[in-house]
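What follows is the residue order along each chain.
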Amino acid sequence: MGMNVGAESTTEDEGIVDINTTPLIDVMLVLLIMLIITIPLQTHSVALDLPQGNPPPSTEVPKVVTVAIDFDNSISWNGEPITDEGSLQAHFVAAAAQPDQPEMHIHPNRLADYKTVAHVLADAQRLGMTKLGIVGQDQFMEGQ
């Protein structure tokens with residue numbers, strides 16, 4: 001004779017509805033052990049010899065070359081008009097060949113074509129100028 005305990009269930013093959021947490025706990029323990037092992041590897045430091053103090057400011061005034069690009073895309077080198085591409089490139093080559101290369105300040109007009117400014121910058125870089133900068137950007141600010 002059989003006896004039913006609990007609910008009025010007539011089937012004896014009713015499954016267990018609880019989740020098996022044993023594999024979950026095993027995986028969590030493995031991850032915890034891996035974390036404990038790898039933490040000391042991440043805390044190693046690298047010894048660096050950093051400079052102490054501030055270096056004295058340079059007493060030399062750097063040479064500056066001003067390349068101005070006007071509203072009609074005319075180019076001038078330190079106030080001297082440049083008439084053709086060859087003379088501009090000759091100026092770049094001469095400035096780049098100096099042992100103490102001068103700083104080149106490009107001063108484009110607000111109405112100058114972007115193509116002209118980009119061409120001057122590309123030529124200067126291609127011909128060896130390394131100290132380039134665009135100045136006079138305050139004219140491009142909104143409201144002016």
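Residues numbered from 1 in each chain as written. Predicted model: local features only at pLDDT ≥ 70, side-chain atom pairs only at ≥ 80, totals over all residues. Heavy atoms only, no water.

Q: Can you walk me through the overall build of the protein chain in this structure?
A: Helix and strand counts for the protein chain stand at three helices and five strands. Starting at the N terminus and ending at the C terminus, the protein chain contains elements arranged as α-β-β-β-α-β-α-β. Taking all 144 residues of the protein chain together, 17% fall into the buried category. Restricting to contacts in the protein chain with at least 6 residues of sequence separation, those with at least 24 account for 70%. (Helix = DSSP H or I, 4+ residues; strand = E, 2+ residues; numbered from the N terminus. Buried < 20%, exposed > 50% of the residue type's maximum accessible area, 1.4 Å probe, protein only. Contact = heavy atoms within 4.5 Å.)

Q: I would appreciate a short explanation of the packing of helix 2 (residues 85-97) against helix 3 (residues 114-126) in the present structure.
A: Between two packed helices, both the angle of their axes relative to each other and the distance between the axes serve to describe the pair. Packing of helix 2 against helix 3 brings their axes to within 9 Å, and their N-to-C directions diverge by 45°. If you check the angle between helix 2 and helix 3, you find them oblique. The interaxial crossing formed by helix 2 with helix 3 has right-handed handedness. Residue-level contacts link Glu 85, Leu 88, Gln 89 and Phe 92 of helix 2 to His 119, Val 120, Asp 123, Ala 124 and Arg 126 of helix 3. Looking at side-chain class alone, the contact of helix 2 with helix 3 contains four nonpolar, two polar and three charged residues. (Axes fitted to C-alpha atoms, helices over the stretch in contact; angles between N-to-C directions. Parallel < 35°, antiparallel > 145°, perpendicular 65-115°, else oblique. Left-handed = near helix turned anticlockwise from the far one by under 90°. Nonpolar A, V, L, I, M, F, W, Y, C, P; charged D, E, K, R; others polar.)

Coordinates in, geometry out; function isn't part of it.
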